[in-house]
Amino acid sequence: MRFTIKLKLGLAFGLIIAILIGVAGLSVLKLSNLNTAINDLITGPAARMDLAHSVRSAFLDSLRHQKNLVIETDPAKVPRHEALAAERLKEFETLLAKGESSATAQGKAKWQDLRSTYEEFKPLEAKVRALKDNNQTAEAIAVSLRDLPPLTKKIMATCDSLVKLNQDLFKAKGEETDQLYRDARTLLIGAVVFALLIAVASAIWIVATISKGLSRTAEAVRAVADGDLTKTVEI
């Protein structure tokens, strides 16, 4: 089959266009995968780590308000401390339920431990408030200092372990996302380099064809000038 210049140009540009379309499609696919990975990172480990921090913060705030309640000597201020402690404890319970429902396989046992310990803590905390409401401040302080600290320590340790777990998961997911980016970058750079090589090879092929045709034409012109009118040229 004889390749004309038009056919060669068509083949070269067609191949380059096909490669560019392939590169564009590959770029969209890789960006989509990267976007999915980033969304998974945000809605997964990052969200659960933030939740673990919030659970810890709510529990600490409830403890602080409870301590203020127990040591408060002004009866007019007691209801405020009690309301704040109850509010933060309610927030803790809401966050705890959310954590249980969104727990991963690695974190499920920790959330269950937190729930179990809190169920032990809750009646004692209510007892402290009831004693304070009955003006039994000494008894309330005794329960607060004797019975609550072991459970408080266990709850805080579990919260800290949940934070650490999700920090590790966040780091692992981040490294996975980074690797996905590096793979996509390498693949796209390779595709672009390949497209450039094809473009250069096509240009050389076309230039060589045109140069060869011009050489044949020049040869035919010289033959005609020498009187040979039978000379033909295929370009």
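In case you missed it, the structure is sitting above this.
Residues numbered from 1 in each chain as written. Predicted model: local features only at pLDDT ≥ 70, side-chain atom pairs only at ≥ 80, totals over all residues. Heavy atoms only, no water.

1. Topic: the overall build of the protein
For the protein, the helix and strand inventory stands at 5 helices and 0 strands. Helices (α) and strands (β) of the protein occur, in sequence order from the N terminus, as α-α-α-α-α. Taking all 235 residues of the protein together, 32% fall into the buried category. Accessible area of the protein: about 14300 Å², with a carbon and sulfur share of 63%. (Helix = DSSP H or I, 4+ residues; strand = E, 2+ residues; numbered from the N terminus. Buried < 20%, exposed > 50% of the residue type's maximum accessible area, 1.4 Å probe, protein only. Areas by Shrake-Rupley, 256 points an atom, 1.4 Å probe, with all protein chains shown as cover.)

2. Brief notes about the packing of aromatic side chains
This model, assessed by the stated rule, comprises 4 aromatic pairs. Geometrically, the ring pair formed by phenylalanine 59 and phenylalanine 92 is tilted, given 5.4 Å between the ring centres and 50° between the ring planes. With a gap of 33 residues between them, phenylalanine 59 in helix α1 (residues 5-71) and phenylalanine 92 in helix α2 (residues 78-101) connect regions that are remote in the sequence. Note on accessibility: phenylalanine 59 and phenylalanine 92 belong to one class, buried. These aromatic residues form a ring-pair network of at least three members: Phe59, Phe92, Tyr118 and Phe121. (Phe/Tyr/Trp six-rings, centres within 6.5 Å; stacked < 30°, edge-to-face > 60°.)

3. Focus: helix α3 (residues 108-133)
One turn of the α-helix equals 3.6 residues, which is why residues spaced by three or four share an orientation. With 26 residues, α3 extends 37 Å between its outermost C-alpha atoms, agreeing within 8% with the 38 Å of an ideal straight helix rising 1.5 Å per residue. At phenylalanine 121, α3 is deflected by roughly 25°, the largest bend along its length, and proline proline 123 occurs up to four residues later in sequence. Among the residues of α3, those classed as buried are Trp111, Leu114, Thr117, Tyr118, Phe121, Glu125, Val128, Leu131 and Lys132. Just beyond α3, the residue with positive phi is asparagine 135, at close to 60°. (Expected span 1.5 Å × (residues − 1). Bend = angle between axes of the 7 residues up to and from the residue.)

4. Section: a nonpolar patch on the surface
Residues Leu9, Phe13, Ile17 and Ile21 make up a contiguous nonpolar surface patch of about 390 Å² in total accessible area. With respect to the element layout, isoleucine 17 can be found in helix α1. (Patch = residues over 30% accessible without salt bridge, like charges linked within 9 Å, V, L, I, M, F, W, Y side chains within 5 Å. Salt bridge = Lys/Arg side-chain N within 4 Å of Asp/Glu carboxyl O.)

5. Some points on the packing of α2 against α3
It is the contact of α2 with α3, at a shortest axis distance of 12 Å, that shows an interaxial angle of 165°. Viewed along their axes, α2 and α3 adopt a mutual orientation that is roughly antiparallel. The way α2 lies across α3 gives a crossing that is left-handed. On α3, the residues that touch Val78, Glu82, Leu89, Phe92, Glu93, Leu95, Leu96, Ala97, Gly99 and Glu100 of α2 are Trp111, Leu114, Arg115, Tyr118, Phe121, Lys122, Glu125, Arg129, Lys132 and Asp133. Per-class residue counts for the contact of α2 with α3 are 10 nonpolar, 1 polar and 9 charged. (Axes fitted to C-alpha atoms, helices over the stretch in contact; angles between N-to-C directions. Parallel < 35°, antiparallel > 145°, perpendicular 65-115°, else oblique. Left-handed = near helix turned anticlockwise from the far one by under 90°. Contact = heavy atoms within 4.5 Å. Nonpolar A, V, L, I, M, F, W, Y, C, P; charged D, E, K, R; others polar.)

6. So, the pattern of salt bridges
Enumeration over the complete set of coordinates arrives at 12 salt bridges. Between arginine 129 and glutamate 82 there is a salt bridge; the shortest N-O distance is 3.9 Å. Of this pair, arginine 129 sits in helix α3 while glutamate 82 sits in helix α2, and the two are 47 residues apart along the sequence. In this structure, the salt-bridge partner of arginine 129 is glutamate 125, at a minimum N-O distance of 2.9 Å. Residue arginine 129 and its partner glutamate 125 are located together in helix α3, separated by 4 residues, close to a single helical turn. We classify arginine 129 as partly exposed; its relative accessible area is 22%. A single salt-bridge network, built from bridges that share partners, covers Asp61, Arg64, Arg88 and Glu91.

7. Comments concerning the nonpolar core
With 26 residues, the main nonpolar core has Val55, Phe59, Phe92, Trp111, Leu114 and Phe121 as its most contacted residues. Elements represented by at least two residues in this core include exactly α1, α2, α3, α4 (137-146) and α5 (148-225). Those residues in contact with phenylalanine 59 that lie beyond four places of it in its chain are Phe92, Phe121, Thr152, Ile155 and Met156. Core analysis: the next-biggest nonpolar cluster, separate from the first, contains 6 residues, Ile19, Val23, Ala195 and Ile198 among them. (Core = buried A, V, L, I, M, F, W, Y, C linked by side-chain atoms within 4.5 Å.)

8. Thoughts on the side chain of threonine 104
You can see threonine 104 is positioned in the loop between α2 and α3. A distance of 3.2 Å separates polar atoms of two side chains, one belonging to threonine 104 and the other to glutamine 106. The residues contacting threonine 104, other than those within four sequence positions of it, are Arg48 and Leu169. (Polar contact = N/O pair within 3.5 Å; in protein donor to acceptor, adjacent residues only side chain to side chain.)

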